[in-house]
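Chain and residue survey
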Amino acid sequence: MAVAAGANGQAHVRRLGITEPISLGGPTEFDVIKTRELEKYLADVGLYESQEEAVSREEVLGRLDQIVKVWVKNVSRAKGLNDQMVHEANAKIFTFGSYRLGVHGPGADIDTLCVGPRHATRDEDFFGELRRMLSEMPEVKELHPVPDAHVPVMKFKFNGVSIDLLYANLALWVIPEDLDITQDSILQNADERTVRSLNGCRVTDQILRLVPNIQNFRTTLRCMRFWAKRRGVYSNVAGFLGGINWALLVARICQLYPNALPNMLVARFFKVYTQWRWPNPVLLCEIEEGSLGLQVWDPRRNMKDRYHLMPIITPAYPCMNSSYNVSNSTLHIMTEEFRRGNAICEHFQAMETNEAHWDTLFVPYPFFEAYKNYLQIEISAENDDDIRQWKGWVESRLRQLILKIEKHTYSMLQCHPYPGEFSEKSKPFHLSYFMGLQRKQEPLVGERERMFDIRLTVDEFKQSVLSYTEWKQGMHIHVSHVRRKDIPAFVFPGGVRPSRPAKDKVSGHSPVTGAADSKFSGDGDDNRKRKREHDDVANKLSNSRLSASPNATNGRVLAGSSAAASMKVDNAGVNGSEEIKRESVVNQTLPNVINVEISGPPQLLQQPTPSDSRRSTVQEPEKLAIDYIISAPHTADYVPKIDLPTADYQYASQVEEFEGNKEMDAEQSTNISSVASSSSSYVNGDVEELEASELSAPLPDTVIPPAQKKPLIRLSFTSLGKASSNS
């Protein structure tokens, strides 16, 4: 924290953030040891670049700055400006993102911004003349402009260094070399795309001003970025969080624990965000209205801001939500990962031993073992340039497929996108994307079987993709349903499908995350006891969920074009577990009968646990402080209760659940918290062969009749591959 002189001559600490810190405590000897271990671990896994690579990056940035200066003079001359104006014409390169924050690793791209004068336009000059100049340079490879993106960008490699180049043309005739882009005045008369392009640099600089210790912030951020990539939740385009989002989340934790070392900051990161009540926003500073009349994030006035599920607000004017891509499905996945991380950190902090546990935290998420059914999106083109352009466009539309599936299935079907693409060596210019599919909510007793048909959703998605303005002959897209056993081998390391993991005879779990996670699995008696506790609370959870989501249904889900496949779900066979991993591990029970992973709505499971005499009196003040931070009026007022159109049901239910949870009685909150803390996942059964059957239309909504026992609910998927075309 910043230190300033007070009126009486004594030094006092200037608060950073919108609230007081949760703790001003310094590190213990244990924290110092574990932080050294963490730093060594991050270095051993190769997160730091070599000195040679650092020098190469600086040379590339210097060369790029020279290129844009030549470019802007050429543009000025072509537009008939006089010799003096041509001589004074200037453009300047700024960096932002991980490179500017100092957390980039080997091979990482450099986020750069070119600032040019008013007469150098974006469409004609930046994506026209500058693109032509770069394409003619032998040191420039893989040039890929994306002018239609939310933030227009030109991607390329310069001497092997990946560059993402944005452009902002200011309302200035001459760009000075000492330009300060942190001043709000440079936004005057700027268009929206220029404001968004400038926002990256302005936000990065502001973050570094708002953290109490930059070195601790950088180490913690390196750790969290690595963790997010290993657990498959690092991708803004896929609906998770990108680099700037993770930086903002870590910066807020640094503000709340200003004297903590990275070991403690990592643990508190999971602790705070496990309890966070989304959609309460994460803020590093107060939202300023500014004097330029630019729109800032404010759900009280802006209708679209009310639909944001996980708002993480940028600190520079105009303040924006940096995580607008997050969907119901990806939010649910990330909150489960926060719980897993929190349980691991709490376990090892309680032991207070020198046992290395970082491997446990960073176990890769076994995406292709986690689900029984997947969507495979295959794209192809005729040459390298076409596939690069086609890839960028399709990736920008994948989030829309997730949102459409959520909307058309009333958020009952969870889509987990894999944050990356796969390629098969035998098929050049051919890429595949995958999405895991599974039921999201716990079945309700007495419901009729219902079918969700997403064929029209997929067709609508394909039509939106094929509307690409730069579409060329040979650009194809194909969407199909794939069972886990049919996942192509090229997605696995070395092209070899791993053998199915053996089931743990004691806990009934498949050790898909390694031996380290077995520490968090209880014995058979404990599991049976927890199973009874889950059953006792199931009705209360179902009633709460029903009141928050009156139209929620469950049953069969169809995804496809011509043929259906079915599998049975026996709710009575669900086996609770104390394990903290989110993986849908397998547990065979009966032929053609499987267990399904059941998780309640994020808001219901994220309520902080009330005061409990069994909890440590040392930890209780911190818990109360965290509860204040995540629910105080300075944040809660940003989420007003509103009436939303029925077409946006999933967003309406999200807001209604949030408001409803605040009014829950203490007993219900205690029960819900006990479920969240006792088990973070359920054990799934093995997938049987899915037999094809005919498609049928969705059943009409029906009144849920009372029932005395849990019924057998069928869950059906349809193969998309049999009738989908490659167009």
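Since the structure is predicted, the reported quantities are computational estimates derived from the model, not experimental observations. (Residues numbered from 1 in each chain as written. Predicted model: local features only at pLDDT ≥ 70, side-chain atom pairs only at ≥ 80, totals over all residues. Heavy atoms only, no water.)

What to know about the overall build of the protein chain
Counting its secondary structure elements, the protein chain contains 20 helices and 20 strands. Within the protein chain, buried positions represent 57% of all 727 residues. When contacts within the protein chain are restricted to residue pairs at least 6 apart in sequence, long-range pairs at least 24 apart make up 78% of them. Of the accessible surface of the protein chain, which amounts to about 30,400 Å², a share of 50% is contributed by carbon and sulfur atoms. (Helix = DSSP H or I, 4+ residues; strand = E, 2+ residues; numbered from the N terminus. Buried < 20%, exposed > 50% of the residue type's maximum accessible area, 1.4 Å probe, protein only. Contact = heavy atoms within 4.5 Å. Areas by Shrake-Rupley, 256 points an atom, 1.4 Å probe, with all protein chains shown as cover.)

A look at helix α8 (residues 243-256)
Under the 1.5 Å per step criterion, the end-to-end length of α8 is 20 Å for 14 residues, consistent within 8% with the ideal 20 Å. Most of α8 is tucked away: 12 of the 14 residues are buried. Among the residues of α8, N245, W246, A247, L248, L249, V250, A251, R252, I253, C254, Q255 and L256 are the ones counted as buried. (Expected span 1.5 Å × (residues − 1).)

Looking at the sheet that holds strand β6 (residues 153-158)
As summarised here, the arrangement of the 5 strands in space is β3-β4-β7-β6-β5, forming an open sheet in which the pairing is mixed. Unpaired on one side and paired on the other, β3 (92-96) and β5 (140-146) mark the two borders of the sheet. Put simply, the sheet's adjacent strands are angled 25° from each other on average, direction ignored. Direction of pairing for strand β4 (residues 110-116) relative to strand β7 (residues 161-169): parallel, over a ladder of 7 bridges. Opposite G116, over in β7, you have N169 as the bridge partner. Set on the sheet, helix α2 (residues 51-78) makes contact with β3, β4, β6 and β7; between it and β7 the angle comes to about 35°. (Pairing = 2+ DSSP bridges. Axes fitted to C-alpha atoms, helices over the stretch in contact; angles between N-to-C directions.)

Focus on the pairing of β3
Among the 5 residues that make up β3, 5 are buried, leaving the element largely enclosed by the rest of the structure. Every second residue of β3 is oriented toward a common face, with K92, F94 and F96 on one face and I93 and T95 on the other, all of them buried. Of the strand pairs in this sheet, β3 and β4 are connected by 5 bridges, and their pairing is antiparallel. From the neighbouring strand, T95 faces β4, where its bridge partner is T112.

Observations regarding the nonpolar core
Counting 77 residues, the largest nonpolar core has I207, F217, W227, W246, Y257, F269 and Y273 as its most contacted members. Here this core gets 9 residues from one element, more than from any other, and that element is α8. The residues contacting F217, other than those within four sequence positions of it, are L101, I207, L208, V211, A247, V250, A251 and C254. Membership of the second largest hydrophobic core comes to 30 residues, among which are A89, A91, I93 and V140. (Core = buried A, V, L, I, M, F, W, Y, C linked by side-chain atoms within 4.5 Å.)

Notes on helix α7 (residues 214-230)
With 17 residues, α7 should reach 24 Å at 1.5 Å per residue; the first-to-last C-alpha distance of 24 Å fits that figure. Counting buried positions over the 17 residues of α7 gives 12, a clear majority of the element. A positive phi of about 75° marks G232, the residue just after α7.

Concerning the confidence of the model for the protein chain
It should be kept in mind that the predicted coordinates are not to be read in detail where pLDDT is low. In the predicted model, the protein chain carries a mean pLDDT of 74, and 66% of its residues have values of at least 70. Long-range and interchain partners of residues 3-12, a stretch whose pLDDT sits below 50, account for 9 contacts in this model, where long-range means more than four residues apart. (pLDDT = per-residue confidence, 0-100.)

Observations regarding the environment of G243
Considering the arrangement of structural elements, one finds G243 in helix α8. Along the chain, G243 and R225 lie 18 residues apart, while their C-alpha atoms are 7.3 Å from each other. Setting aside its immediate chain neighbours within four residues, G243 contacts R225 and Y234.

What about the pairing of β4?
Burial runs high along β4: 7 of the 7 residues are buried. Of the two faces of β4, the one holding I110, T112, C114 and G116 and the one holding D111, L113 and V115 are both buried throughout.

With respect to unusual backbone geometry
The omega angle of the peptide bond from W278 to P279 is 15°, so this bond is cis rather than trans. That bond from Y317 to P318 is cis: its omega, -5°, falls within 30 degrees of zero. Its place among the elements puts P318 in the loop between α9 (262-275) and α10 (328-351). Its identity is not glycine, yet N159 carries a phi of approximately 55°, on the positive side. Relative to the assigned elements, N159 resides in the loop between β6 and β7.

Some details on the packing of aromatic side chains
Counted according to the given criterion, the structure contains 34 aromatic pairs. Seen from their ring centres, W71 and Y167 are 5.6 Å apart, and the 85° between their planes marks the pair as edge-to-face. Note that W71 is positioned in helix α2 and Y167 in strand β7, a separation of 96 residues in sequence. Grouped by ring-pair contacts, the aromatic residues W227, W246, F269, F270, Y273, W276, W278 and F338 constitute a single cluster. Looking at K92, its charged tip hangs above the ring of F94, at a distance of 5.5 Å from the centre. The ring of Y234 has K229 lying over it, and the distance from NZ or CZ to the ring centre is 4.9 Å. (Phe/Tyr/Trp six-rings, centres within 6.5 Å; stacked < 30°, edge-to-face > 60°. Lys NZ or Arg CZ within 6 Å of the ring centre and 35° of its normal.)

Observations regarding the packing of helix α13 (residues 384-408) against helix α14 (residues 455-466)
Between two packed helices, the angle of one axis relative to the other and the distance separating the axes together describe the packing. The contact between α13 and α14 brings their axes to 9 Å, and the two run at 155°. Classified by the interaxial angle, the pair formed by α13 and α14 is roughly antiparallel. At the point where α13 passes α14, the crossing takes the right-handed sense. The segment α13 lies against α14, with W390, W393, V394, R397, L398, L401, K404, I405 and H408 engaging T457, E460, F461, S464, V465 and L466. A per-class count over the contact of α13 with α14 returns 9 nonpolar, 3 polar and 3 charged. (Parallel < 35°, antiparallel > 145°, perpendicular 65-115°, else oblique. Left-handed = near helix turned anticlockwise from the far one by under 90°. Nonpolar A, V, L, I, M, F, W, Y, C, P; charged D, E, K, R; others polar.)

Focus on the packing of α7 against α9
Close contact between α7 and α9 brings their axes to 9 Å; oriented N to C, the two are set at 50°. The angle between the axes of α7 and α9 places the two elements in the oblique class. The interaxial crossing formed by α7 with α9 has right-handed handedness. Together, N216, T219, T220, C223, M224 and W227 of α7 and P262, L265, V266, F269 and F270 of α9 make up the contact between the two elements. In the contact of α7 with α9, the residues fall into 8 nonpolar, 3 polar and no charged.

Looking at the environment of H478
Mapped onto the secondary structure, H478 falls in strand β13 (residues 476-483). Here H478 falls in the buried class, since its relative accessible area comes to 10%. For the pair formed by H478 and E378, sequence separation is 100 residues and the distance between their alpha carbons is 5.0 Å.

Observations regarding the side chain of T35
Along the polypeptide, T35 turns up in helix α1 (residues 29-44). Polar side-chain contacts of T35 include one of 2.8 Å to the backbone oxygen of D31. Not counting the four nearest positions on each side in its chain, T35 is found in contact with L261, P262 and N263. (Polar contact = N/O pair within 3.5 Å; in protein donor to acceptor, adjacent residues only side chain to side chain.)

Quick word on the environment of C345
Topologically, C345 is positioned in helix α10. Since its relative accessible area comes to 6%, C345 is described here as buried. In sequence terms C345 and K271 are 74 residues apart; their C-alpha atoms lie 8.7 Å from each other. If we skip the residues at most four places from it in the chain, C345 touches V266, A267 and F270.

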